[in-house]
Amino acid sequence: QLQLVESGGGLVQVGESLRLSCAASGRYVNSYAMGWFRQAPGKERESVAVVNWRMSQQYVSDSVKGRFTVARDIAKNTLYLQMDSLKPEDTAEYYCAIGPWPLRIIHVKTWGQGTTVTVST
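Residues numbered from 1 in each chain as written. Predicted model: local features only at pLDDT ≥ 70, side-chain atom pairs only at ≥ 80, totals over all residues. Heavy atoms only, no water.

Some words on the sheet that holds strand 3 (residues 18-25)
- Read across the open sheet, the four strands follow the order 1-3-8-7; overall the sheet is antiparallel. With one partner strand each, in any of the chains shown, strand 1 (3-7) and strand 7 (68-73) form the two edges of the open sheet. Ignoring which end each strand starts from, the neighbouring axes of this sheet average 15° apart.
- The pairing of strand 7 with strand 8 (residues 78-83) spans six bridges and is antiparallel. Paired with Thr69 across the bridge in strand 8 is Gln82. (Pairing = 2+ DSSP bridges. Helix = DSSP H or I, 4+ residues; strand = E, 2+ residues; numbered from the N terminus. Axes fitted to C-alpha atoms, helices over the stretch in contact; angles between N-to-C directions.)

Here it is, written out as structure tokens:
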């Protein structure tokens, strides 16, 4: 079974940074794409950033492009999301996900438990 455990969420002020981590375990973890999604109260879940298993392809949403960076440590089976210049609009529950490329919501095999990010003014 594939399992994802997230950490790193918290409360920060506008302009500050935060790094989320997602530790993956299970059979053939490194054969799948991994990514981050987020969902704010009253809004639909949206894709934030996705990377394929060999890190040769990436997708980053326009709303976070230039501010968020996704990275994957194959040796540690861990996915990271470095979030810089945080805005109030980034406040949401963030979910790690794993599945086949291009890893849109419909492709997700397993979701992480979610970690809350709150950006205050």
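Considering the nonpolar core
- Ranked by size, the top nonpolar core spans 27 residues in total, and within it Trp36, Leu81, Met83 and Tyr94 carry the most contacts.
- Elements that contribute at least two residues to this core include exactly strand 3, strand 4 (33-39), strand 5 (46-51), strand 7, strand 8, strand 9 (92-99) and strand 11 (115-120).
- Ala33, Phe37, Ala97 and Val108 belong to the second largest nonpolar core, which has six residues in total. (Core = buried A, V, L, I, M, F, W, Y, C linked by side-chain atoms within 4.5 Å. Buried < 20%, exposed > 50% of the residue type's maximum accessible area, 1.4 Å probe, protein only.)

Observations regarding the side chain of Thr115
- By secondary structure assignment, the location of Thr115 is in strand 11.
- A polar atom in the side chain of Thr115 sits 3.1 Å from the backbone nitrogen of Gly9.
- Residues in contact with Thr115, not counting those within four places in the same chain, are Glu6, Ser7, Gly8, Gly9, Leu20, Ala92, Glu93 and Tyr94. (Polar contact = N/O pair within 3.5 Å; in protein donor to acceptor, adjacent residues only side chain to side chain. Contact = heavy atoms within 4.5 Å.)

Thoughts on the environment of Leu20
- Along the chain, the position of Leu20 falls in strand 3.
- By relative accessible area, which is 0% here, Leu20 ends up buried.
- The sequence separation of Leu20 and Cys96 amounts to 76 residues, and the corresponding C-alpha distance is 9.2 Å.
- Residue contacts for Leu20: discarding those within four places in its chain leaves Ser7, Gly8, Gly9, Trp36, Leu79, Tyr80, Leu81, Met83, Tyr94, Thr115 and Val117.

Considerations on the packing of aromatic side chains
- According to the stated counting rule, one finds two aromatic pairs in the structure shown.
- Plain terms: the ring middles of Phe37 and Trp111 are 5.1 Å apart, the flat faces sit at 75° to each other, and that makes the pair edge-to-face. Placement of the pair is Phe37 in strand 4 and Trp111 in strand 10 (residues 110-111), with a sequence separation of 74 residues.
- With relative accessibility at 0%, the residue Phe37 sits in the buried group.
- Taken together, the ring pairs in this structure connect Phe37, Tyr95 and Trp111 into an aromatic cluster.
- Between Arg45 and the ring centre of Tyr95, over which it is positioned, the NZ or CZ distance is 3.9 Å.
- Across from the ring centre of Trp111, 4.5 Å away, lies the NZ or CZ of Arg45, which sits over that ring. (Phe/Tyr/Trp six-rings, centres within 6.5 Å; stacked < 30°, edge-to-face > 60°. Lys NZ or Arg CZ within 6 Å of the ring centre and 35° of its normal.)

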